[in-house]
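Below are the chains, spelled out letter by letter.
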4 protein chains.
Amino acid sequence: MSNSFGKIFKITTFGESHGQVIGVVIDGCPSNVEITDNEINLELKKRKAFSKSFVSKRDEKEKAKIVSGVFEGKTTGAPICILIENTDIKSKNYDKIQNLLRPSHANFTYLQKYKIFDHRGASRASARETASRVCASVLATKILKKENIQVFAYVKAIGDIEANVDLKDLKNIDKSSIFCPDIEAEKKMLQRLKKIEDEKDSIGGVVEFVILNTPDGLGDPIYEKLNAKLANALMSIPATRGFEIGDGFEAAKKTGSSRNDTYILKNGKIQTKTNNEGGILAGISTGMPIIGRVAFKPTPTIAKTQKTLDIYGNEKILSFSNDGRFDLCVAIRASIVVKAMCSLVLVDSYLLNFLQKKDLQMKRDYLSEKMSMRDEKTKNKS
Amino acid sequence: MSNSFGKIFKITTFGESHGQVIGVVIDGCPSNVEITDNEINLELKKRKAFSKSFVSKRDEKEKAKIVSGVFEGKTTGAPICILIENTDIKSKNYDKIQNLLRPSHANFTYLQKYKIFDHRGASRASARETASRVCASVLATKILKKENIQVFAYVKAIGDIEANVDLKDLKNIDKSSIFCPDIEAEKKMLQRLKKIEDEKDSIGGVVEFVILNTPDGLGDPIYEKLNAKLANALMSIPATRGFEIGDGFEAAKKTGSSRNDTYILKNGKIQTKTNNEGGILAGISTGMPIIGRVAFKPTPTIAKTQKTLDIYGNEKILSFSNDGRFDLCVAIRASIVVKAMCSLVLVDSYLLNFLQKKDLQMKRDYLSEKMSMRDEKTKNKS
Amino acid sequence: MSNSFGKIFKITTFGESHGQVIGVVIDGCPSNVEITDNEINLELKKRKAFSKSFVSKRDEKEKAKIVSGVFEGKTTGAPICILIENTDIKSKNYDKIQNLLRPSHANFTYLQKYKIFDHRGASRASARETASRVCASVLATKILKKENIQVFAYVKAIGDIEANVDLKDLKNIDKSSIFCPDIEAEKKMLQRLKKIEDEKDSIGGVVEFVILNTPDGLGDPIYEKLNAKLANALMSIPATRGFEIGDGFEAAKKTGSSRNDTYILKNGKIQTKTNNEGGILAGISTGMPIIGRVAFKPTPTIAKTQKTLDIYGNEKILSFSNDGRFDLCVAIRASIVVKAMCSLVLVDSYLLNFLQKKDLQMKRDYLSEKMSMRDEKTKNKS
Amino acid sequence: MSNSFGKIFKITTFGESHGQVIGVVIDGCPSNVEITDNEINLELKKRKAFSKSFVSKRDEKEKAKIVSGVFEGKTTGAPICILIENTDIKSKNYDKIQNLLRPSHANFTYLQKYKIFDHRGASRASARETASRVCASVLATKILKKENIQVFAYVKAIGDIEANVDLKDLKNIDKSSIFCPDIEAEKKMLQRLKKIEDEKDSIGGVVEFVILNTPDGLGDPIYEKLNAKLANALMSIPATRGFEIGDGFEAAKKTGSSRNDTYILKNGKIQTKTNNEGGILAGISTGMPIIGRVAFKPTPTIAKTQKTLDIYGNEKILSFSNDGRFDLCVAIRASIVVKAMCSLVLVDSYLLNFLQKKDLQMKRDYLSEKMSMRDEKTKNKS
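Read on for an overview of the structure. (Residues numbered from 1 in each chain as written. Chains lettered and ligands numbered in written order. Predicted model: local features only at pLDDT ≥ 70, side-chain atom pairs only at ≥ 80, totals over all residues. Heavy atoms only, no water.)

1. As for the relation of the copies chain D and chain C
A rotation about some axis, followed by a shift along it, carries one copy of the chain onto the other.
Step number 1: Note on the copies: chain D fits chain C at an RMSD of 0.0 Å, the axial shift is 0.0 Å, and the rotation between them is 180°. Those values place the two copies in the arrangement expected of a two-fold rotation axis.
Step number 2: In this assembly the copies share their binding face: 99% of the residues contributing to the interface of chain D also contribute to that of chain C. (Least-squares fit on C-alpha atoms with pLDDT ≥ 70 in both. Contact = heavy atoms within 4.5 Å.)

Take a look at the structure:
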């Protein structure tokens, strides 16, 4: 039950890093959405775009294949299963460390919880599981696109190097090999990554997400606030340690009078002057850009040797053959997953909200309606 | 559906700030748990402990009353409904601002979503709803106590004033009028609050939570990781803007070699030397203290006048009669709610985990078992 | 968790038969639905309409009161709590039987499951809980009425006396004191009930439900078929023993060639000539009337004395003071509850289906569209 | 979302009858359960055991394959995906009927709901989907077996021929080619099936299920009563029209005094003399055998030609090439699915109940405890 996500547009993922396949079942996708294997594989490729230099060198020849729920290129309303066969697996690398506890790694807690652990490639705890989420997000994105909703995510920081990214830079994210559209910062980040690689170490990072053209009204009080759902979704990504919406932890240092988002009229619509709330107020989208951040810890698996214990309590040395099959900075590839999870939250909230608006039978939003009432009145007077 | 929380120990809250009652239904509480109205009212009182000086001056004569699910002082397995009548309501104060958009406040998004808003006291969006959560948490706490699991939360920061709190200080939280057990920091915080009050303003803050004696194995990969559930629960509290587990956003600046929690033998048990992970690894509790933080924005409602628009788009001045019915720093009272939500997450995870361990029919945890196997072997040799 | 029903329009009930209150929280009701206490109380009254002669003589002065979620006569999108105070309780009647096992009654299984039982009036296992469902159904009915969907239920059989009821008789259901619109059958039923009362016994019965004007497309394959949801909903009513949709168990005796519902053109629409499927095909509504039946066992509580055991295994005589506080035939009052549960299933399926149709952006149903394409073509030719 | 079943032991099925694969993901299965592909394939074979003579002649060379969640022969707690490739598909047979409405068949409602239908072999509406359920049930059965819980299902009736089956006959179910352990009835049924085949027709039937050694306490009031869950599960099987628990519709004809199950002492345990309730009282298992029935309509797809309409409203003749790829009596093969769904309901209820009993920390059941208290007392006196 813990392998499913979403209420209306619901995904269930399965498969181990070194098993036969990984995959996802999407249940609740509307019918007649056009989709091809190719569209999914294009997005999947981004997850390993950087792999030549600084991320896991496993050659994930990802060939995602839709095996159900699509007929003549369109979804039918039936559950959509997408499978990816696992290839280029070198499970033997893991045999020698089978009984070692890996510091800050999943095998300790999995063993304690389940009394059994498929040690090869970290199995379900591997970031490989997130490829399934990316597959599902491609369908979500297609539905959101109809409403012009756009989801972006990029590397905001690596270590203490922070990028400055404007809305206008969002179109350049995919041009950067590390998904950082601030060219200055990107340069410094690449230098730092080189140094980390030389030191056989890893480093943490921050991913920022931006969602444009969100309609107002998404998200549900009290326990399914849009920010709470995003927090839940993003903290479910491996290696995440923190979540912020809007000004996040900075908000804790501010006063109400300096921070409140003032209402103004702009293009004949009531909007806020600033966007400290990051597009979500009381758990419901305001229509302003949704913006937030996720902190990633440094990958626990490093090329450097580490002291540890085996499962019997004996002192041991943990050492990986340095074949580079791990990420120097997990935040880079994770940016694709952050985008995927945001899309999944948004499509679910969008479909749910649509339903809730149903009985209102109102064509315009509440405030536009009120304003036009005023204008009507004024016109009548004159 | 968005007013329910939890999977096994499930709460559903209802009621508006200025309605007749607020309340909660708890479904899934085990039978034969002893509980009285009085125990609930004791915890509720803390939510307004500070009210004399710096928080909302509404005299919430909270008299929580259990009206179902308890027979002769014990839970019966039936749903437990707890009601609190609303008293000391001054709804008229809100009539004059009925058509004003309140900056950074819920009424904008509620109107856009629902096309109707009970403006009196912010109704469901009011922090008053959290009293229902506190009621439910008292039952959760009783179940956790049987296993010696203890949940704490305290004010970690107000504005830029930060407290230093050790595990040994946890017993002093309730002794502080602002739930900050660092006496030095508390003093500075009180001065700052006085200043904020004089300026008719509000200020943000950070609440830290600590959970002791958690068994290992709580939380479920992939989408119901314990940290993801905590993030979801805590970001559902009004005014929250950020969440961290363990070293949180600091982790993004560190390297793997310096940050990984090394395994050591301590008291004959395998533990970690450091606790950067904050007691949760790969979404599952390690048995170390669970620690994290939540950022609260400054209360949007302030005594100072603010420029705004009405729902028709006309420019207006928003001004509350300064009767002090709002919080200078919402983080103070919210610390009780942070504790409550942590308890609700823990009890749910605990009950779920218990079930999952069932079929293993093993008396000890996995690693203790393995170590004893080694010791047995050694003994046999000698 | 077992006290909630519905996915989008979700109810949670609470309260014991002899506790302070019973009630329901409705979560997910669209905003701006007009509702008053009075409308709810009118429907509640029907549940005890027959009480003067043959059903429980407890004078349930039901005064249902909406205590949240409604503002100025309209729903706000917030959870709606409805409370009914328990009055005219004679709990002492139950004290003397506290330790007796009541044949075919809940107290055996509740004790085994929960190790504690509030014996007064059967508490949660009492049919009194169903009053909460009736309250919730009034809101469901209001939403369905907008779409002209109408739900009916009536007494189809008492013992071996069976009624013949046509669609045209549905308007007369409430005119019968036992909700049986076949006057001939009603007469015989009343005679039988008199006899059963004289014998201090009880008798079983069958309730039939009919739902008119259902749009096609409601219900979801595979596990949430409309018939499966109805079966689940109706078998959750106390004392139910069987469920049928369409021709039910009779279908098992038929051949395909004689039973299949043939398609015909009627009023320019494709419909079925017969309706053996009872309006549901492959779990999805066809647009034809939905029709089915529920079997109720005789009330286990009877005025006649019965041999039994106490909880210690001692032989005892179970005897109620004959104050008539139990139903001669539970099916009579249960017909109101059958109607209520059908409404709750329908409103949930309706809201869900609305959402699913969303992305199709088609104005007419699929087959009407296809037929008009043909007509268009024909016209062009001539 | 409608393709998932279960709360703790949760299955999600996918795949079309004539697609590439069908499959199931099982989430929530405890770890360390031993399982092989072979065990699953043995049960799957039964679903087509009868295929040589009277059921669908499609040669389903079912090779179920576990592709995730199992490591070295044991479940790991990770989601278990089982895939079955579709073979021997003759989709072309369906092309000529693509635009015909098939009487009492899914294609009408699927088209109306989804505006698209994969017509080949009825896709998701095909009984083929139930093979996925059978796969999942093999794991459920393994868990139930540890507690000695046994689930049986057999053909109780075909047309008006009814079998008499005793508990002692249950071991012979698999010996019958039509899963009917009453040899006399089986003979008549086979004759009737021959006649139906000659007439190019189909016929309905009834399946009865029996569950032995159920512990008391399974099932949850109010909306998750064990009978309501069984009704829901079994009515989700294609072609079902009715459900009964215990004496079912017969109960409606009985009086309370003649029907109530009297309590007696048997083998030192409190039990009921009769079992009219069918092992479930107030929605909770009593510990007596659980018994009930499901009615199946005749397969709508028959070899005989039928008049119908096409989707444009034109009159057409529907005629299948008589290659026998459909069931004469769907109840025969469905008996395996009834057994599977009962197992899935039971394992879910069992795991949930285990959790609920947890906090009671009582070693024996409530009534055994009370009786021993009495015996203790008696002993002390003497």
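2. Here we look at helix α5 (residues 183-198) of chain A
Working note: α-helix, 3.6 residues per turn, so residues spaced by three or four point in the same direction.
Residues and elements named next belong to chain A.
Step number 1: Here α5 spans 23 Å end to end across 16 residues, near enough to the 22 Å set by a 1.5 Å rise per residue.
Step number 2: Within the span of α5, buried status applies to A185, E186, M189, L193 and I196. For α5, the arc enclosing every buried residue in end-on projection is 95°, short of the 170-degree limit, so these residues lie on one face. Looking at α5, the residues exposed on the side facing more than 90 degrees away from the buried face are I183, E184, K187, Q191 and D198. (Helix = DSSP H or I, 4+ residues; strand = E, 2+ residues; numbered from the N terminus. Expected span 1.5 Å × (residues − 1). Buried < 20%, exposed > 50% of the residue type's maximum accessible area, 1.4 Å probe, protein only. Arc of directions from axis to C-beta.)

3. Details of the side chain of D118 of chain C
Step number 1: Secondary-structure assignment places D118 of chain C in the loop between α3 (107-114) and α4 (130-146).
Step number 2: Overall, the relative accessible area of 4% leaves D118 of chain C in the buried class.
Step number 3: Side-chain polar atoms of D118 of chain C contact the side chain of R120 of chain C, separated by 2.8 Å.
Step number 4: Those residues in contact with D118 of chain C that lie beyond four places of it in its chain are F71 of chain B together with E16 and S123 of chain C. (Polar contact = N/O pair within 3.5 Å; in protein donor to acceptor, adjacent residues only side chain to side chain.)

4. Considerations on the pattern of salt bridges
Step number 1: This model, assessed by the stated rule, comprises 100 salt bridges over all chains.
Step number 2: With its nearest N and O atoms 3.9 Å apart, the salt bridge here joins D220 of chain D to K113 of chain C. Placement of D220 of chain D in the loop between β10 (205-212) and α6 (226-235) and of K113 of chain C in helix α3 is noted, with the two residues assigned to different chains.
Step number 3: The exposure class assigned to D220 of chain D is buried, which follows from its relative accessible area of 2%. (Salt bridge = Lys/Arg side-chain N within 4 Å of Asp/Glu carboxyl O.)

5. Notes on the interface of chain B and chain A
Step number 1: Between chain B and chain A, the contact holds 118 residues from the first and 117 residues from the second.
Step number 2: For the pair chain B and chain A, the summed buried area comes to about 9500 Å², and 61% of that belongs to carbon and sulfur atoms.
Step number 3: There are six salt bridges connecting chain B and chain A.
Step number 4: Here chain B is connected to chain A by 51 residue pairs in polar contact (both at pLDDT 80 or more).
Step number 5: Here the side of chain B that touches chain A takes seven residues from helix α3 (residues 107-114) of chain B, the largest share from any one element.
Step number 6: Here the side of chain B that touches chain A is built from residues that sort into 52 nonpolar, 35 polar and 31 charged.
Step number 7: Sheet topology places strand β11 (residues 240-245) of chain A next to strand β11 (residues 240-245) of chain B; three bridges connect them, and they run antiparallel. Residue pairing across strands places F243 of chain A opposite F243 of chain B, the latter belonging to β11 of chain B. (Buried area = accessible area lost by both parts, 1.4 Å probe. Nonpolar A, V, L, I, M, F, W, Y, C, P; charged D, E, K, R; others polar. Pairing = 2+ DSSP bridges.)

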